[in-house]
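Below, each chain spelled out in residue letters.
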Amino acid sequence: MIRLIHSLDSKNNRDAGFVSIVGAGPGDAELLTIKAFKALQEADIVLFDWLVDKSILALLGEKTETEFVGKRCGKHSMHQDVICDLMVKHALSGKRVVRLKGGDPAIFARTVEETQALEKHNVEYCIIPGITAASGASASSGIPLTHRDYSQSVIFTTASLKNVDSEPNWKELVHKSAKQTLVFYMGLGKLNLIVNRLKEYGLEDSFPIAVIDNACTINQSVMTGTLHDIVRKSICNQIQGPAIIICGEVVQHRQNVSAITTQALGKYALNTTESALA
Ligand code: SAH
């Protein structure tokens, strides 16, 4: 069955090179898809982001090269054009390249810039989806993203736009928040702004909001509160990120998911990290 679903099996001509743009999920290696796992096993080189957990890199074969192409401490360590050039260069030299991204490659991941570069150079590629941070955080915190009574849709958004001086359309977001869930990616550094704008545009102090830090890792922490107290709570809890922010009535309908799952996954992550470093 695995052979049938693996996209690279049809790629017999190794000379041509190939790029798999792979979603690594939100942290824990056990959340990888089988397809992603197989692409990683077969890769000659893996170009990975800062959000990719070490437990996933620990799954690579000894001969697989790795190259960090992410950013650290909020600063881009590698320009997007340089990452595109690297992917193209390695593929044209005949390698099976995995471009490994945190979460899902279709969500806030600059995948289009990369596929455009590959197409420009006639490099064949595929995209392998991953579990996005919102889904991972929802499952591991127990906060649903929709609810038949309180939230019929969900918006994945960000307050960190390409133009740093721009802001989202707050009026529209607040208008839609009545029966929707708002999920902010890359929002931790802007939590104050998000809270203030949501209030300015009409949401009550009591509006529910949650911050999930390091979802699906051993360091996960979940803070639930309201627009009134969430900033104070996240400062007190020294939230470091990556963190995802969920706003809406769903926060009040948190399910009592067993901590054992998270702990078990965390242990797994820790063990594989240790073996990678050994
Ligand atoms: N493509 C990714 C998102 C990249 S944007 C995805 O689909 O998940 C980076 C943002 O994702 C972070 O700033 C944070 O908001 C969120 N994120 C990624 N991993 C996370 C994690 N383990 N826990 C909480 N938020 C996470």
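Residue numbers run consecutively from 1 along every chain, following the written order of its sequence. In keeping with the model being predicted, local features are shown solely for residues with a pLDDT of at least 70 and side-chain atom pairs are shown and tallied solely at 80 or more, while totals for entire chains, interfaces and linings include all residues. Based on all heavy atoms of the structure, the side-chain values leave hydrogens and waters out of the count.

*Asks:* Give a detailed account of the environment of Gln 116, specifying residues and quantitative values.
*Replies:* Helix numbering and strand numbering both begin at the N terminus, where a helix is a DSSP run of H or I of at least 4 residues and a strand a DSSP run of E of at least 2. Mapped onto the fold, Gln 116 is located in helix 5 (residues 111-120). Throughout, exposure labels follow a simple rule: accessible area from a 1.4 Å probe, protein chains only, divided by the maximum for the residue type, with under 20% read as buried, over 50% as exposed, and the rest as partly exposed. Under the relative-accessibility criterion, Gln 116 is labelled exposed at 52%. Along the backbone, Gln 116 and Cys 84 are 32 residues apart, and their C-alpha atoms lie at a distance of 9.0 Å.

*Asks:* Explain a nonpolar patch on the surface to me, using residue names and the numbers behind them.
*Replies:* Taken together, the side chains of Phe 108, Val 154, Phe 156 and Met 186 define a hydrophobic patch exposed on the protein surface, amounting to about 320 Å² of accessible area. Tracing the chain through its elements places Val 154 in strand 8 (residues 153-158). Overall, the relative accessible area of 30% leaves Val 154 in the partly exposed class. Here, patches come from residues exposed beyond 30% relative accessible area and free of salt bridges, joined within 9 Å for like charges and within 5 Å for nonpolar side chains (Val, Leu, Ile, Met, Phe, Trp, Tyr). Using a 1.4 Å probe, accessible areas were evaluated by the Shrake-Rupley method; residue-level cover was limited to the displayed protein chains. Whenever a carboxyl oxygen of Asp or Glu lies within 4 Å of a side-chain nitrogen of Lys or Arg, that contact is scored as a salt bridge.

*Asks:* Could you give me a rundown of the sheet that holds strand 10 (residues 208-213), with the residues and numbers involved?
*Replies:* What the 5 strands build is an open sheet, ordered 8-9-12-10-11; its pairing is mixed. A single partner strand is all that each edge strand has here, and the edge strands are strand 8 and strand 11 (221-226). Ignoring which end each strand starts from, the neighbouring axes of this sheet average 20° apart. Here, a strand pair is defined by DSSP locating no fewer than two bridges between the strands. Note: strand 10 against strand 11, 6 bridges, orientation antiparallel. The residue of strand 11 that forms the bridge with Ile 212 is Val 222. To define axes, lines are fitted to C-alpha atoms, for helices over the stretch in contact only, and angles between the resulting N-to-C directions are given on a 0 to 180 degree scale.

*Asks:* Give me the nonpolar core: which residues, what numbers.
*Replies:* Take the buried Ala, Val, Leu, Ile, Met, Phe, Trp, Tyr and Cys residues and link them wherever side-chain atoms come within 4.5 Å; each set so joined is a nonpolar core. Counting 22 residues, the largest nonpolar core has Phe 184, Leu 198, Ile 209, Val 211, Ile 245 and Cys 247 as the members making the most contacts within it. Contributing elements (two or more residues each) for this core: helix 7 (170-176), strand 9 (180-185), helix 8 (191-200), strand 10 and strand 12 (243-247). When residues in this core are grouped by element, the largest group, 4 residues, is from helix 8. Setting aside residues up to four positions removed in sequence, Cys 247 forms contacts with Gln 180, Thr 181, Leu 182, Phe 184, Leu 198, Phe 207, Pro 208 and Ile 209. Ranked by size, the runner-up nonpolar core spans 19 residues in total, among them Ala 36, Val 46, Val 52 and Ile 128. Residue contacts are counted whenever heavy atoms from the two residues lie within 4.5 Å of one another.

*Asks:* Residue-level account of the site of the ligand, with values.
*Replies:* For each residue, the test is whether any non-hydrogen atom lies within 4 Å of the molecule or strand; if one does, the residue is near. Residues in close proximity to the ligand total 18 residues, the closest being Pro 26, Asp 104, Ile 107, Thr 132 and Ala 243. A 3.5 Å cut-off defines polar contacts: any pair of N or O atoms within that distance qualifies, except that in protein one atom must be a possible hydrogen donor and the other a possible acceptor, and neighbouring residues in sequence count only when both atoms are side-chain atoms. A distance of 3.0 Å is found between a nitrogen atom of the ligand and a backbone nitrogen or oxygen belonging to Gly 102. Take Met 186: an N or O atom from its main chain is 2.9 Å from an oxygen atom of the ligand. For the ligand, whose unbound accessible area comes to 550 Å², protein coverage reaches 93%. When residues are grouped by polarity, Ala, Val, Leu, Ile, Met, Phe, Trp, Tyr, Cys and Pro land in nonpolar, Asp, Glu, Lys and Arg in charged, and all others, Gly among them, in polar. Looking at the shell around the ligand residue by residue, the classes come out as 13 nonpolar, 4 polar and 1 charged.

*Asks:* Any details on the sheet that holds strand 1 (residues 18-23)? Residues and values, ideally.
*Replies:* On the basis of which strands lie adjacent, the open sheet formed by 5 strands has the order 3-2-6-1-7 and parallel pairing. Sheet topology places strand 3 (65-68) and strand 7 (125-128) at the edges, where each strand pairs with a single neighbour. Each neighbouring strand pair of the sheet contributes to a mean axis angle of 20°, computed without reference to strand direction. Relative to strand 7, helix 5 is tilted by about 160°, and along the sheet it contacts strand 1, strand 6 (96-101) and strand 7.

*Asks:* Quick rundown of the packing of helix 4 (residues 80-92) against helix 5? Include the residues and the values.
*Replies:* For the pair helix 4 and helix 5, the least separation of the axes is 9 Å and the interaxial angle reads 45°. With respect to helix 5, the axis of helix 4 lies oblique. Helix 4 and helix 5 meet at a crossing whose hand is right-handed. Contact with helix 4, carried on its side by Gln 80, Ile 83, Cys 84, Met 87 and Val 88, involves Glu 113, Glu 114, Ala 117 and Leu 118 of helix 5 and no other residues of that element. Looking at the contact of helix 4 with helix 5, its residues break down into 6 nonpolar, 1 polar and 2 charged. Our angle categories are set so that under 35 degrees counts as roughly parallel, over 145 as roughly antiparallel, 65 to 115 as roughly perpendicular, and the remainder as oblique. The sense of a crossing depends on the near helix, which, turned anticlockwise from the far helix by less than a right angle, makes the crossing left-handed and, turned clockwise, makes it right-handed.

*Asks:* Talk me through the environment of Leu 51; I want residue IDs and the actual numbers.
*Replies:* Relative to the elements of secondary structure, Leu 51 occurs in the loop between strand 2 (45-48) and helix 3 (54-57). Here the alpha-carbon distance between Leu 51 and Asn 214, two residues 163 residues apart in the chain, equals 9.8 Å. When near neighbours in sequence (up to four residues on either side) are disregarded, Leu 51 contacts Gly 102 and Pro 242.

*Asks:* How would you explain the pairing of strand 8 if you had to name every residue and give the values?
*Replies:* The pairing of strand 8 with strand 9 spans 6 bridges and is parallel. Bridged to Phe 156 within strand 9 is Val 183. Crossovers are described as right-handed under a simple rule: with the strands pointing away from the observer, the path leading from the first strand over the helix to the second runs clockwise. Handedness of the strand 8-helix 7-strand 9 crossover: right-handed.

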